[in-house]
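# Chain and residue survey
Chain by chain, the residues run as shown.
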Amino acid sequence: MSDQYLPPAKRVLHQRAFKALMVTQLMTVLAFLSYLPQWLLLAFCLVAFWRWRVMHGQFTAPPRTLVILSMILGIVGILVSGFTRYTLDAAVAFCMLGYLLKSLEVLRRRDGVVQVYLGYFLTGVYLLYRFDPLGALVAIVLLFLNTLALAAVTSDASYRLSYGIRQTSLLLLGAVPVMVAGYLFFPRLPPLWVIPNDQRGAVTGMSDELIPGSVASLAQSSDPAFRVAFDGELPPRDQWYWRGNTLSQFDGRVWRASYSERNRFSWPRNSNLPEPAANLYEYSIILPKTGRKWLYFLDWPVSANAENAVVLPDARLASIANINANIQYSAVSAAAVQWSAQDRFIAESLRLPAAGNEELRRWALDLRASVTNDTEYVQYLADYIRSQDFYYTLRPPLYDGADAMANFWLGGQRGFCEHYASAVTFILRSAGIPARMVGGYLGGVYNERGNYIQVRQMEAHVWVEVWLNNRWQRFDPTAAVAPDRIELNLDALLTGTSSSELPVFSRVQRLPLLSSLTMYWDSITYQWQVTVLNYNNETGVGWFEASFGEFSPLKVVLFVLAIMSLMGLIVGVLTGVIVLPKRKPEPYASISKIEKHFGQRLQGETISQYFVRLSAKNSQPSLFTAISQEIEKQLYSGQDIMPASRIRMLTKELVKEKKRKSTV
Amino acid sequence: MAKIEEISEQLIQITGRVVAGKPEQIRLIWVALLCNGHVLLEDLPGVGKTSLAHALARILGFDYQRVQFTADLLPSDVIGAQIYDREQQSFRFHQGPVFTQLLLADELNRATPKAQSALLEAMEERQVSVDGKSLALPAPFFVIATQNPQALSGTYPLPESQLDRFFIRLSLGYPDAEVEKKLLRGEVGRQKLTDIKPLVDPKYWADMQTLVAKVQMTEPVLDYIMRLVQKTRDPELCSMGLSPRGSQALALAAKAYALTFGRKYVLPDDVQAVFSAVASHRLKPVRSLSVESLVGQILETVDVVEAV
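Given the structure is predicted, the values throughout are model-derived calculations rather than measurements.

Now for the overall build of chain B. When its secondary structure is counted, chain B shows 12 helices and 11 strands. The buried share of chain B, taken over its 308 residues, is 52%. Considering only intrachain contacts with a sequence separation of at least 6, the fraction spanning at least 24 residues in chain B is 76%. Accessible area of chain B: about 14300 Å², with a carbon and sulfur share of 50%.

Here you go:
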């Protein structure tokens, strides 16, 4: 074959290399399929068909026009799929297209290597989409497949899969120390550029606007919102109010926060959180990326330790930048707090639009006349909800228009937490009592295995805060209509209702086994976040200093070298380059032992001759004969039925006998 | 067929009535026969070589012929010759003594090389060529050759290449005083030959040889044999070492030796027992050594159980 006189890079790929590249490409496309347009799989099939023909010698390099044409088609396809702006998805889709089309013209080694490198790049990109244990597993599989393909591409036709797997395992194993060292000591640099984050599905959790109906849609999602680990004891179950957003402004249709996340320049600089007045709870929260700025706290936060966070005066904190990665922060909350300087919020909490819901305003004012003070008023409202025919449902009828709240309160009386909260806030304001809405979560699932509370999107909740007796007090109308919502989980509450209303996940969780499995998986995810994702330079150095004393570059180098030589040793032993001293197998070990105690066997002496000589000199001739026969059978009979342990046992007995004799 | 170890014991015992006090030598000859090999007995006259061969022939139920080799013996005296038959008006082949199952070639080294090589060829080929025609010898066909020690005058020593045709070489030596006394009393000896009845039906002969081949030889034993063989090829000890045919013979003999005890696997002890008989006539020690001391030295210095 003339091929072998070419430089390696120009040699034509062999069939196994083609196959390895194709499998790797398929797996990469499949990994990305849920994030990218589905027709890319079709594109892969077409490309794979072409490659199949190439492998069987039907086609050679594709004509240039075909490559250009498919490229143009692909770009048009990406544009048509809705990737018109420069976003992460668009960039990745484009990269994937290039990865697929590049393989059309891969015929020689150097092309194959380029394709493998693109595959490596896409493996890295995959971690931008998914960074949980499963995602890491997928990335490792892709890494392995790409390296396997590289091994196939760079060897000649004598390549075998077993060789490739061995080679790949060794390569990746050898890379582990570098990876560990990089993970432990490579500085976590802030990103030098920002990847444009696609809006599609990237923003989750409570927004700083609330249109009735938006919370109910969150309640359909079982995605985790965040996880909370308490340092001490847990607060009582009915106090698991996770405060996210304070919504004070109402324009007749939409409730808005005083501080918009879009305009952080309007945020005050030197605000204080309320002073603690009762029980303190210390905890830390791991918040997955939300694409928003709001941080969540147990009601009410009194101090917090979060990076880049700003205190907002309506008892909450926000991050300066959008939360685009998992973050962890710690905080202290108190069951009751004392407020300073709330005048501005009190004034804000009385404002109503000029018109709309007239009936409800009248209802509120009529009620105002019948009670003596604000506390009684609030109490009456709670009683009213309890006594009237109100229903708590995930699927309320649509209340729309200018009189939506009046229609709900006086008419339909079926609603979700946001309907109750907004109507109650409206009534209180109409009656001249300062009130506002708070958006966040209520409840969560306590995971015993991991000792943390998992809060899910379906636990999204809205409640009311009323200014009574010179402090903000929580008033949750939902507690009046559906007290179980507070005490139990949402899914427990809705057990009685038709199950089709519930999120699928929530239905599944009622099976005990699956429930404990999901708990288990969630605690693994939690550990992953705590140990892998939140690892930063300080913890790295801290860990290092705790183990090896003061941090110094020399020590780091020594440490890395130590890990690498350990890995090298393991690899060396596995490959047989290094041979460790072995324990002698039986019966040789027993022979050595007997020789130690009874004298050396002569070189030309056979086993039986040796033992005959020994038994002549020592007592216990039968024991010698027995050992002699066992050893002979073991060595020479060619049957594996003789357990070596019998030889060992007899030898032990013999040595013991000798020692006993010599002491007597 | 009786068990092979019982046959062996009986054979040794019965033969011992004729040639007393030599059970080990008899066993080795028996081993050679089991291996389909020829035997060279090297001894002074009168120690019972002929009686031994005769006794074995009777025990095994073989046809038996004896040829006394002398300086004037011609090849045709061994093989046979074309003789003119007057009545038939044609030449007819007259079979020589070689057409038998057990041939005792007495004092082989007294004959001229020409006569010797006629026999040796027959041993190797198990057939003879007369006037361009091949005539098969009976099966089985064994030769027990005797030879006076070469120091005696009037002999033609066999060359190395021809010694190699013999599977084993051994010597009986003088009997013990006790045994010799029995001989003088007439309790043992040639006169007992007439009492001997065949022990084995010759039809089982092939089966016994397959039994030899089936004897297990494990890796440690093979290694030991290889160490022995390597030692014989050490130029400081031997000017001519053991050939592959020699090592083959060594392994086969060890198997047969194990079989005579009814054992289905070979021990290094078996190898040691047959080593001298199989190897000594195939080795040529360096000048300062005798073959006997060479063999002894090899057996003593080669490690039986290799250190692992």
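What follows deals with the confidence of the model for chain A. All names here are of chain A. Taken as a whole, chain A shows an average pLDDT of 80; of its residues, 86% reach a score of 70 or greater. Counted against residues more than four places away or in other chains, residues 198–202, with its pLDDT under 50, gives 9 contacts. Counting interchain partners and residues more than four positions distant, the pLDDT-below-50 stretch residues 495–509 has 25 contacts.

Let us now look at the pairing of strand 19 (residues 471–475) of chain A. Examined bridge by bridge, strand 18 (residues 460–468) of chain A and strand 19 of chain A share 5 bridges and lie antiparallel to one another. Bridge assignment links Leu468(A) to a residue of strand 19 of chain A, and that residue is Arg471(A).

The next subject is a nonpolar patch on the surface. All names here are of chain A. On the surface, Leu173, Val176, Met179, Leu566, Leu569, Ile570, Val573, Leu574, Val577, Ile578 and Leu580 cluster together to form a nonpolar patch covering roughly 960 Å² of accessible area. Breaking the nonpolar patch down by element, the ones donating at least two residues are helix 7 (161–185) and helix 20 (553–575). Ranked by residues supplied to the nonpolar patch, first place goes to helix 20 with 5 residues. Topologically, leucine 566 is positioned in helix 20.

What follows is about the sheet that holds strand 5 (residues 102–106) of chain B. Residues and elements named next belong to chain B. With parallel pairing, 5 strands are arranged side by side in an open sheet as 2-5-8-1-9. At either end of the open sheet lies a strand with only one pairing partner, and these are strand 2 (64–68) and strand 9 (168–170). Geometrically, the sheet is characterised by an average inter-axis angle of 15° between neighbouring strands, direction not taken into account. Where strand 2 and strand 5 come together, 5 bridges link them in parallel fashion. Bridging across to strand 5, glutamine 68 finds its partner in aspartate 106.

For the rest of this paragraph, the subject is the pattern of salt bridges. Under the definition given, this model contains 27 salt bridges over all chains. With a shortest N-O distance of 3.3 Å, Glu160(B) and Lys284(B) are connected by a salt bridge. Of this pair, Glu160(B) sits in helix 6 (residues 160–163) while Lys284(B) sits in strand 11 (residues 284–285), and the two are 124 residues apart along the sequence. A single network of salt bridges, built from pairs that share partners, joins Arg243(A), Asp299(A), Arg436(A), Glu465(A) and Arg474(A).

Residue and element names in this part refer to chain A. Two elements in contact, helix 10 (residues 358–370) and helix 13 (residues 417–430), have axes whose closest approach is 8 Å; the angle formed by their N-to-C orientations is 60°. In terms of orientation, helix 10 lies oblique with respect to helix 13. In this structure, the crossing between helix 10 and helix 13 has a hand that is right-handed. Every residue of helix 13 that contacts helix 10 at Leu360, Arg361, Trp363, Ala364 and Leu365 is listed here: Ala423, Phe426, Ile427 and Ser430. When grouped by side-chain class, the residues that make up the contact of helix 10 with helix 13 number 7 nonpolar, 1 polar and 1 charged.

What counts, and at which threshold
Residues numbered from 1 in each chain as written. Chains lettered and ligands numbered in written order. Predicted model: local features only at pLDDT ≥ 70, side-chain atom pairs only at ≥ 80, totals over all residues. Heavy atoms only, no water. Helix = DSSP H or I, 4+ residues; strand = E, 2+ residues; numbered from the N terminus. Buried < 20%, exposed > 50% of the residue type's maximum accessible area, 1.4 Å probe, protein only. Contact = heavy atoms within 4.5 Å. Areas by Shrake-Rupley, 256 points an atom, 1.4 Å probe, with all protein chains shown as cover. pLDDT = per-residue confidence, 0-100. Pairing = 2+ DSSP bridges. Patch = residues over 30% accessible without salt bridge, like charges linked within 9 Å, V, L, I, M, F, W, Y side chains within 5 Å. Salt bridge = Lys/Arg side-chain N within 4 Å of Asp/Glu carboxyl O. Axes fitted to C-alpha atoms, helices over the stretch in contact; angles between N-to-C directions. Parallel < 35°, antiparallel > 145°, perpendicular 65-115°, else oblique. Left-handed = near helix turned anticlockwise from the far one by under 90°. Nonpolar A, V, L, I, M, F, W, Y, C, P; charged D, E, K, R; others polar.

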